[in-house]
Amino acid sequence: MAPSSRFTYRRASRKFHCMLLLILGSICVVGIIAHAQKISYFFRPLWDVPPPPFELLPHYYAENVSMDYLCRLHGWSVRSEPRRVFDAIIFSNELDLLEIRWKELDPYITKFVILEANTTFTGIPKPLFFAENRDRFAFAESKIVHGVFPGRVAEHGSHEDPFKLEEEHRISMNYLLRELSGISFGDLLIMSDTDEIPSPHTVKLLQWCDDIPPVLHLEMRNYLYSFEFPVDYSSWRATGHVFSEWTQYRHSRQTDVLLSDSGWHCSFCFRYLSEFVFKMTAYSHAERVKHKDFLKHSRIQKLICKGDDLFDMLPEEYTFKNLIKKMGSIPRSASAVHVPAYLIQNADKFRFLLPGGCSRSPG
């Protein structure tokens, strides 16, 4: 090959390799941008540290065991009469879970305190779902303390800070509790989301036992979409408070004490596909909806029955061991044991929450 030909070949080869590197580099950059959240979550164990561990209190319960014995088993004493109990929730649209929650807890509750707004945390107008369906909860009418928070509609092209609006809801709940509910110092106050349901025997234990911690978190078993998909026991935000002048309505960590196995957290446990879409666009993490295809009913239905994540996200874990362990679909469970009694008593009505009921109608 002539020198000039070899020079031309080498120059063309360098151009080809440079062009190839440029294309591969561009693909990598686009891939990193498109999957930045996944990459960030996968490497979370390298850049984030877990919160301090809880002091996990053993939880003892069996049927037909006296309350005196159960209190002593926990290291507490039994009261001569039960505390009054106030159940306080900020409500969105979880009507089915609200019915299960209130029916399950009704024998132990003095007042059901419920606050709802006419906008979502993201500034989208919404109906007052509870007010419009209040007749459904006539069984608890004498116990209901209902408040409405006047939300703000986001201006076109702008976004409300969902966490700021959520905080304003909690301030409004403090007013509802202190001024309108009739709660007094020494009463038991349960703070949790609608889908975080304390078990009746947990409420009864805290109602009847003296010397309990003034504030304690309630560990709940996590379920996704229904009680067919148990996830883990990582839900801890629900709390029980012996009400005092210092009590503030919050949904964040307030103590290091955690009472184990205290109820059920059934996240995205909706009857209709339209309810899934509503929550995906309404709650504080609505930014996880990357594009409109995420909201297609066919996609959501497929993911529900597979036990996969609606937002195509990796698990939020602090160790590679736990992250890898939780990757992939949630294994199905055929067990409907140790779930809310009202759910089993009304299995036909709530079939979508039980094993084999993953199919949803549009709504």
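Residues numbered from 1 in each chain as written. Predicted model: local features only at pLDDT ≥ 70, side-chain atom pairs only at ≥ 80, totals over all residues. Heavy atoms only, no water.

Break down the layout of surface pockets for me, citing the residues and quoting the values.
The computed volume of the second largest pocket comes to approximately 890 Å³. Lining the second largest pocket are 36 residues; nearest its centre among them are Tyr-61, Ser-199, His-201, Trp-264 and His-338. Listed by contribution, the elements that provide at least two residues to the lining of the second largest pocket are helix H4 (67–73), helix H5 (95–105), helix H8 (200–208), strand E10 (221–224), strand E13 (263–267) and helix H12 (341–345). (1 Å grid on protein atoms, 1.4 Å probe; cavity = no way out; pocket = protein on both sides within 12 Å on 5 of 7 lines; lining within 4 Å. Points joined across faces, edges and corners; volume = space filled by probe spheres on them. Helix = DSSP H or I, 4+ residues; strand = E, 2+ residues; numbered from the N terminus.)

Before we move on, could you go through the state of the cysteines and cite the residues and values that matter?
Every disulfide links exactly two cysteines, by a covalent bond between their sulfur atoms. The full count for this structure, using the stated rule, is three disulfides. Put simply, Cys-266 and Cys-269 are joined by a disulfide, and their sulfur atoms are 1.9 Å apart. Here the S-S torsion is close to -85°, and the disulfide linking Cys-266 with Cys-269 is therefore left-handed. Pair check on accessibility: Cys-266 and Cys-269 agree, each one buried. (Disulfide = S-S within 2.5 Å. Buried < 20%, exposed > 50% of the residue type's maximum accessible area, 1.4 Å probe, protein only.)

Help me get a handle on the packing of helix H9 (residues 273–282) against helix H10 (residues 297–306), residues and values and all.
Running from amino to carboxyl end, H9 crosses H10 at an angle of 100°, the nearest separation of the two axes being 10 Å. What the angle tells us is that H9 and H10 run roughly perpendicular. Every residue of H10 that contacts H9 at Leu-273, Ser-274, Phe-276, Val-277 and Met-280 is listed here: His-297, Ile-300, Gln-301 and Ile-304. Of the residues contributing to the contact of H9 with H10, the split by class is six nonpolar, three polar and no charged. (Axes fitted to C-alpha atoms, helices over the stretch in contact; angles between N-to-C directions. Parallel < 35°, antiparallel > 145°, perpendicular 65-115°, else oblique. Contact = heavy atoms within 4.5 Å. Nonpolar A, V, L, I, M, F, W, Y, C, P; charged D, E, K, R; others polar.)

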